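Spelled out, the chains give:
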Amino acid sequence: MSEIKKPLRVLHFSDIHVGVQIRHMAWKKWFSKRAIGAINLLRGRAKYFDEAEEKIAALIRFKEENNIDLVIHTGDYTALGLESELKLAKQLVSPLMTPPQRYVTVPGNHDIYVHEANSHYRFSEQFCAVLQNDLPEYCRGGHWPLIRLVGDDVAVIALNSARPNPWPWRSNGMIPQVQLDALEEILQDTRIKDRYVFVMTHYAPRLEDGKPDSKLHGLINAEDFLEKCKAMKAGAILCGHVHKTYHIKVEELNIDIYCAGSATMEGHEGFWVYEVEKNILNAKPVFWHKETSCYSY
Ligand SMILES: [Fe+2]
Ligand SMILES: [Fe+2]
């Protein structure tokens, strides 16, 4: 693995929503929430992600040209959580997953879209190479929380807040209480507490205006999550789900939240690059330039 130079550079992207292949869906899968999701896509949503592959290729070039040490993706690789979409997404982002210890991810609600016996397994199956946990003793179900120690100064704690929603008009999420309790312990661990900590999950605990997201779209236990994050000595919350690149500081809790937005959604393309040195974060937003088909600061 390449040595980490200082400052450590982190690329945080999200919500790429690739590979909608409605015509290839098995007929049985249409009798579910996917049918309504698919109709929405046919009615227009899919066109916003038409150029996802080209934009991911540009993002890979950006990573190669900008000395990135660590890549973070905060979920929503797909639109309907189909195995074919997950496979395509993994194939497209695989150049970012080298070495696997320097790529950290969580699923989004679209990646485990409907209740099926294998919906969680399907995500893990595709992304197992990058789900290595450096402190597995804190794992409280599935792979989560997943902790990655990066060099001597940075740690990433990944919590899973995505779950299938039975009703198509609901896309909210929740971090299970066992993961929040584990987070409290992890932040006190001597191997973690003096590092700069990124706590990442799919759902945004606050919107750009500082308010919580709606009950139908947001993180149900956002306030409990923020309360646990107060124990971070130096760190930030990273999220996606909201397709807008933004940063807010929750002043009353002294917590920074960075939402990556969507790296591929037409008209909204963006992501973050963070530089970390001596427990200080310098964040730079990166945006898509249509005329030159590339991302730049
Ligand atoms: Fe999304
Ligand atoms: Fe989402």
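Quick summary incoming for the structure in this document. All of these numbers come straight from a predicted model, not from anything done at the bench. (Residues numbered from 1 in each chain as written. Chains lettered and ligands numbered in written order. Predicted model: local features only at pLDDT ≥ 70, side-chain atom pairs only at ≥ 80, totals over all residues. Heavy atoms only, no water.)

Section: the pattern of salt bridges
Charged atoms that come close allow side chains of opposite charge to pair.
Next up, step 1: Tallied over the full model, the rule gives 19 salt bridges.
Next up, step 2: Salt-bridge contacts for Lys55 lead to Glu266; the nearest nitrogen and oxygen are separated by 3.9 Å. Linking Lys55 in helix H2 (residues 52-65) with Glu266 in the loop between strand S9 (255-259) and strand S10 (270-277), this pair joins segments that are 211 residues apart in sequence.
Next up, step 3: The exposure class assigned to Lys55 is buried, which follows from its relative accessible area of 1%.
Next up, step 4: We classify Glu266 as partly exposed; its relative accessible area is 29%.
Next up, step 5: Across the salt bridge formed by Glu83 and Lys87, the nearest N and O atoms sit 3.9 Å from each other. One end of the pair is Glu83 and the other is Lys87, both in helix H3 (residues 83-93) and four residues apart, which spans about a single turn. (Salt bridge = Lys/Arg side-chain N within 4 Å of Asp/Glu carboxyl O. Helix = DSSP H or I, 4+ residues; strand = E, 2+ residues; numbered from the N terminus. Buried < 20%, exposed > 50% of the residue type's maximum accessible area, 1.4 Å probe, protein only.)

Considering the packing of aromatic side chains
Next up, step 1: For the structure shown, the criterion picks out twelve aromatic pairs.
Next up, step 2: When the ring of Phe62 is compared with that of Tyr297, the centres are 5.6 Å apart and the planes differ by 70°; the resulting orientation is edge-to-face. Taken together, the residues span a long stretch of sequence, with Phe62 in helix H2 and Tyr297 in the segment after strand S12 (294-296) at a distance of 235 residues.
Next up, step 3: You can call Tyr297 partly exposed: its relative accessible area is 45%. (Phe/Tyr/Trp six-rings, centres within 6.5 Å; stacked < 30°, edge-to-face > 60°.)

Observations concerning helix H5 (residues 177-188)
Next up, step 1: Helix length check: H5 (twelve residues) gives 17 Å between terminal C-alpha atoms against 16 Å at 1.5 Å per residue, within 8%.
Next up, step 2: All of the buried residues along H5 are Gln179, Leu180, Ala182, Leu183, Ile186 and Leu187. Axial view of H5: buried residues confined to an arc of 160°, hence all on one face.
Next up, step 3: In this structure, the buried side of H5 is in contact with strand S4 (146-150), strand S5 (154-158), strand S6 (196-200) and helix H6 (222-229). (Expected span 1.5 Å × (residues − 1). Arc of directions from axis to C-beta. Contact = heavy atoms within 4.5 Å.)

Comments concerning the coordination of the iron ion (ligand 1)
Next up, step 1: Protein-derived ligands of the iron ion (ligand 1) are Asp15 (OD), His17 (NE2), Asp76 (OD) and His243 (NE2), with the metal-ligand distances lying across 2.0 to 2.3 Å.
Next up, step 2: Positions of the donor residues of the iron ion (ligand 1), expressed as sequence spacing, correspond to D-x1-H-x58-D-x166-H.
Next up, step 3: The distance between the iron ion (ligand 1) and the iron ion (ligand 2) comes to 3.6 Å, and Asp76 binds to both of them. In this pair, Asp15 sits in the loop between strand S1 (8-13) and helix H1 (33-42) while Asp76 sits in the loop between strand S2 (70-73) and H3, placing the two residues 61 residues apart along the sequence. Both residues of the pair, Asp15 and Asp76, count as buried. (Donors = N, O, S within 2.8 Å, 3.2 Å for Na, K, Ca; no water.)

Some remarks on the coordination of the iron ion (ligand 2)
Next up, step 1: Within the protein, Asp76 (OD), Asn109 (OD1), His202 (NE2) and His241 (ND1) serve as the donor atoms for the iron ion (ligand 2), at 2.1 to 2.2 Å.
Next up, step 2: Because the angles between the four donor atoms bound to the iron ion (ligand 2) fall within 87 to 152°, the donor set is best described as irregular.
Next up, step 3: One chain supplies every donor to the iron ion (ligand 2), and in sequence these donors are spaced D-x32-N-x92-H-x38-H.
Next up, step 4: Classification of Asn109 as buried rests on a relative accessible area of 5%.
Next up, step 5: For His241, a relative accessible area of 7% puts it in the buried group. (Tetrahedral: all angles 85-135°; square planar, octahedral: opposite > 155°, others 65-115°.)

Concerning the pairing of strand S7 (residues 235-239)
Next up, step 1: Burial runs high along S7: five of the five residues are buried.
Next up, step 2: Where S6 lies against S7, four bridges are found, and the strand directions are parallel. Paired with Val197 across the two strands is Gly235, which belongs to S7.
Next up, step 3: Following the backbone out of S6, through H6 and into the adjacent parallel S7, one traces a crossover that is right-handed.
Next up, step 4: Where S7 meets S9, three bridges bridge the pair, whose relative direction is parallel. (Pairing = 2+ DSSP bridges. Right-handed = clockwise from strand over helix to strand, strands pointing away.)

Structural notes on the pairing of S9
Next up, step 1: Here S9 lies mainly inside the structure; five of its five residues are buried.
Next up, step 2: Here S9 shows two buried faces, one formed by Ile255, Ile257 and Cys259 and the other by Asp256 and Tyr258.
Next up, step 3: Where strand S8 (residues 246-250) and S9 come together, five bridges link them in antiparallel fashion. Directly across from Tyr246, in S9, lies its bridge partner Cys259.
Next up, step 4: Here S8 folds back onto S9 in antiparallel fashion, the turn holding four residues, of which Asn254 has a positive phi close to 60°.

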